[in-house]
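Listed below are the residues making up each chain.
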Amino acid sequence: MNQETAKYIMQRMSKYLDNSQMIKLKDTLDDVEKKEFLRELVEAMYEELPTPKKK
């Protein structure tokens, strides 16, 4: 996966996931073939995510 795209997604999602979920997300991002689709999906659903978790 493009490093820039992976970094963007990880930054956006870090507010909502705990460490174990972030590791699973990173592994999933490494396997995704349609990176631009995933980036657009994250951007589209970002506004609808719940309040960030406190770490």
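Scope of this entry: the structure provided in the associated data block. (Residues numbered from 1 in each chain as written. Predicted model: local features only at pLDDT ≥ 70, side-chain atom pairs only at ≥ 80, totals over all residues. Heavy atoms only, no water.)

**A look at the overall build of the protein**
The number of helices and strands found in the protein is 3 helices and 0 strands. Tracing the protein from N to C terminus, the helices and strands come up as α-α-α. Here the protein has a C-alpha radius of gyration of 11 Å; the compact-globule value for 55 residues is 10 Å, and the two agree. Once the C-alpha set of the protein is aligned to its principal axes, its extents read approximately 30 × 25 × 15 Å. By residue count, 27% of the 55 residues in the protein fall in the buried class. A separation of at least 24 residues holds for 70% of the contacts in the protein among residues at least 6 apart in sequence. Positive and negative side-chain charges of the protein, numbering 11 and 11 respectively, have mean locations separated by a distance of 7 Å. (Helix = DSSP H or I, 4+ residues; strand = E, 2+ residues; numbered from the N terminus. Rg over C-alpha atoms; globule rule 2.2 N^0.38 Å. Buried < 20%, exposed > 50% of the residue type's maximum accessible area, 1.4 Å probe, protein only. Contact = heavy atoms within 4.5 Å. Lys, Arg positive; Asp, Glu negative; His and termini not counted. Charge placed at Lys NZ, Arg CZ, Asp CG, Glu CD.)

**Examining a nonpolar patch on the surface**
A surface patch of nonpolar side chains, amounting to about 280 Å² of accessible area, comprises Phe37, Leu41 and Met45. Here Met45 lies in helix α3 (residues 35-46). By relative accessible area, which is 32% here, Met45 ends up partly exposed. (Patch = residues over 30% accessible without salt bridge, like charges linked within 9 Å, V, L, I, M, F, W, Y side chains within 5 Å. Areas by Shrake-Rupley, 256 points an atom, 1.4 Å probe, with all protein chains shown as cover. Salt bridge = Lys/Arg side-chain N within 4 Å of Asp/Glu carboxyl O.)

**Let's talk about the packing of helix α1 (residues 3-13) against α3**
It is at 10 Å that the axes of α1 and α3 come closest, and there the two elements cross at 25°. Classified by the angle between their axes, α1 and α3 sit roughly parallel to one another. The way α1 lies across α3 gives a crossing that is left-handed. Across the interface between the two elements, Glu4, Thr5, Tyr8, Ile9, Arg12 and Met13 from α1 touch Lys35, Leu38, Arg39, Val42, Glu43, Met45 and Tyr46 from α3. Of the residues contributing to the contact of α1 with α3, the split by class is 7 nonpolar, 1 polar and 5 charged. (Axes fitted to C-alpha atoms, helices over the stretch in contact; angles between N-to-C directions. Parallel < 35°, antiparallel > 145°, perpendicular 65-115°, else oblique. Left-handed = near helix turned anticlockwise from the far one by under 90°. Nonpolar A, V, L, I, M, F, W, Y, C, P; charged D, E, K, R; others polar.)

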